[in-house]
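Residue-level listing of the chains:
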Amino acid sequence: MLEPKHIQTLKEIVGEENVYSDKAHLIAYSYDATRTRFEPDAVVFPRHEEDVSRILVYCNHHGIVITPRGAGSGFTGGALPTAGGITLAMEKHMNKILEIDMENMVAVVQPGVVNMELQKAAEAVGLFYPPDPASEEYSTLGGNVSENAGGMRAAKYGITKDYVMALRAVRPNGDIIRAGKRTIKDVAGYNIAGVLIASEGTLAVTTEITLKLIPKPKFTKAYMGVFPSVDDAMNAVFKSLSAGANPVAMEFMDSLVVHALKEKLGIELPEDAGALLIGDVDGNVAEEVAFQLEILERSFRENGAQDFTIAHNAQERDTLWVARRNASPSITIFGSKKLNEDISVPRSMLPIALKKIYEIGDRYDFKVPCFGHAGDGNIHVNVMVDGSDAKQLELGEQAIEEIFEMVVELGGTLSGEHGIGTSKAPFMSIAFNPAELALFGAIKEAFDPNNILNPGKMGLPH
Ligand SMILES: Cc1cc2nc3c(=O)[nH]c(=O)nc-3n(C[C@H](O)[C@H](O)[C@H](O)COP(=O)(O)OP(=O)(O)OC[C@H]3O[C@@H](n4cnc5c(N)ncnc54)[C@H](O)[C@@H]3O)c2cc1C
């Protein structure tokens, strides 16, 4: 519980109208997409970087915990104020696109800008910001940087880190730091922006982001490959890519997901599909697009595809993407609670990883529908359990642990895009050895010696 004198000082810093400790605000800021709840003691809306700095100095001095927050769409609890204190919410004031520099193809934004707003602003001037998390209509660029968000276009265009050129951020002691430059090349000093990306609000509060933009490709077409089995589809993923295919997206849905989409939402998909790969190809001339589709079709068929279709108009393309976007909500037909993980493996390991995931699910007698960004090796694995049954929840967690162990053995990682937060913190020692975990702790200590920024996240020492 924050003492009234602290609330009063915070009001003096940012203005009365930007500090709330009423129940309605505390509840509204107690959630993220994990649907777990922790109420902060106060919600504070900084107006600018100077406010952030002053708030941090004050809180650091008084040991008041701070949880930075974008849109609260994170899947791993990063924006949950698990230790109380204040939630520092960026969406109200620090939400401006400051500049689109056409000559250098760069955007400068505040952290509370919603991803889609930047995509639209870039497209309005013929440029392109590719990272497109499925939460693009509400997640913020500050949250995207802090989680290193991926998206559907990562197979060709990469993820958030590939577009961050520079950051401004505030350390807990109030120091304003600049990391990176508006240059393509910059090798002077440590790569501090690289350290801050994916740091989940545990090291510093991001106050400004400089992002690379690229020219917008002129043509896009969608495709779908229908496979008799998951194994065939997973082989087709890495074999088609190593054969020269360069699709924007290569998204996977297994037969459980296809079944759920048909049953729950009535979406028309091939009846006998063991697995689907859908995605887009793009290019600046129609021939480039046709060439990409040709490689994909040849390679898919060589790897067992029973059908390969191309969407010839916007409506056909929409149908494919509606199916993919609804994969997650549809699978609740298999259980009231999904234990959702987003493992990532080297692409050549996808066939073996998926085989083992289903084996683990069978052993525990859980349905494990899988879908995701196969083109970049990132799969959403959903262990479906009855959320009201404590035993099932416990067994589900055990199954997840086995999946993580297997994934790490295959050279993969606990999370391709959702981060660690609180939900994956207990598994960090599967992926990192004590020396590596100690180094994470030392980095945290260097930025935040009093542990006021998002304590207890990412499995960092308390
Ligand atoms: C339906 C749905 C689909 C999704 N699809 C994808 C997807 O395709 N790809 C993907 O990668 N993710 C996806 N996500 C997860 C989520 O949207 C991303 O992790 C996103 O980047 C979080 O952004 P946010 O603004 O909601 O951040 P929040 O959830 O508010 O915060 C996330 C983390 O960032 C920190 N943070 C926020 N702002 C700052 C700041 N200014 N300074 C320092 N730290 C900060 C927070 O403390 C927290 O640790 C999805 C989520 C949902 C609900």
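Take the site of the ligand next. Within the structure, the ligand sits among 35 residues, and G70, G74, G78, G143 and G201 are positioned closest to it. Where the shell around the ligand is concerned, the elements lending two or more residues are β3 (66-69), α5 (141-147) and β10 (205-212). Sorting elements by how many residues they give to the shell around the ligand places α5 first, with five residues. Across the shell around the ligand, the residue classes tally to 11 nonpolar, 19 polar and five charged.

When the terminal C-alpha atoms of helix α10 (residues 286-302) are compared, their 24 Å separation across 17 residues agrees well with the 24 Å that a helix rising 1.5 Å per residue should span. Taken together, the buried positions of α10 are occupied by V289, Q292, L296, S299 and F300. When α10 is viewed along its axis, its buried side chains cluster within an angular range of 105 degrees and face the same direction. Seen from the buried face of α10, the exposed residues on the opposite side, beyond 90 degrees, are A286, E287 and E294. G304 sits one or two positions beyond α10 and adopts a positive phi of about 100 degrees.

Glancing now at the sheet that holds strand β2 (residues 42-44). What the four strands build is an open sheet, ordered β1-β2-β4-β3; its pairing is mixed. Pairing within the sheet leaves two strands with one partner each, and these edge strands are β1 (19-20) and β3. With four bridges connecting them, β3 and strand β4 (residues 86-89) associate as parallel partners. Across the sheet, residue T67 finds its bridge partner in β4, namely T87.

Once that is clear, we can look at the sheet that holds strand β12 (residues 219-227). Pairing is antiparallel in the open sheet, where seven strands are placed in the order β15-β12-β14-β13-β17-β18-β16. Looking at which strands have only one partner, the edges of the open sheet turn out to be β15 (307-311) and β16 (337-344). Each adjacent strand pair in this sheet contributes to an overall mean axis angle of 20 degrees, direction not counted. Bridge count between β12 and strand β14 (residues 275-283): nine bridges; the pairing is antiparallel. Within the sheet, the bridge partner assigned to G225 lies in β14 and is L277. The strands touched by helix α8 (residues 230-242) are β12, β13 (251-254) and β14; relative to β14, the strand with the most contacts, the crossing angle is about 25 degrees.

Assigned domains of the protein chain: these are domain 1 (4-89), domain 2 (97-215) and domain 3 (217-419 + 428-448). Taking the mean C-alpha position of each, domain 1 and domain 2 sit 22 Å from one another. In this assembly, 14 residues from domain 1 lie in contact with 20 residues from domain 2. Of all the elements in the fold, those that place two or more residues in the side of domain 1 that touches domain 2 are α3 (49-62) and β3. No other element matches the six residues that α3 contributes to the side of domain 1 that touches domain 2.

As a further point, take the nonpolar core. With 70 residues, the main nonpolar core has A233, V237, V257, L276, L277, V383 and I403 as its most contacted residues. For this core, the element with the most residues is α8, which contributes six residues. Residues lining this core come from more than one domain, with at least three contributed by each of domain 2 (97-215) and domain 3 (217-419 + 428-448). Core analysis: the next-biggest nonpolar cluster, separate from the first, contains 52 residues, I55, V65, V114 and L167 among them.

Turning our attention to the packing of α8 against α10. Closest axis-to-axis distance for the α8/α10 pair is 9 Å, and the angle between their directions is 135 degrees. It follows from the interaxial angle that α8 and α10 lie oblique. With respect to the hand of their crossing, α8 and α10 are arranged in right-handed fashion. On the side of α8, the interface is formed by A236, K239 and S240, while α10 contributes I295, L296, S299 and F300. Split into classes, the residues belonging to the contact of α8 with α10 amount to four nonpolar, two polar and one charged.

Turning next to the pairing of β4. Of the two faces of β4, the one holding I86 and L88 and the one holding T87 and A89 are both buried throughout. By the bridge criterion, three bridges tie β2 to β4 in an arrangement that is parallel. For V43, the partnering residue across the bridge sits in β4 and is T87.

Conventions adopted
Residues numbered from 1 in each chain as written. Predicted model: local features only at pLDDT ≥ 70, side-chain atom pairs only at ≥ 80, totals over all residues. Near = placed C-beta within 6 Å. Helix = DSSP H or I, 4+ residues; strand = E, 2+ residues; numbered from the N terminus. Nonpolar A, V, L, I, M, F, W, Y, C, P; charged D, E, K, R; others polar. Expected span 1.5 Å × (residues − 1). Buried ≥ 20, exposed ≤ 12 C-beta atoms within 10 Å, placed from the backbone. Arc of directions from axis to C-beta. Pairing = 2+ DSSP bridges. Axes fitted to C-alpha atoms, helices over the stretch in contact; angles between N-to-C directions. Contact = placed C-beta atoms within 7 Å. Domains from an automatic or database assignment. Core = buried A, V, L, I, M, F, W, Y, C linked by C-beta atoms within 7 Å. Parallel < 35°, antiparallel > 145°, perpendicular 65-115°, else oblique. Left-handed = near helix turned anticlockwise from the far one by under 90°.

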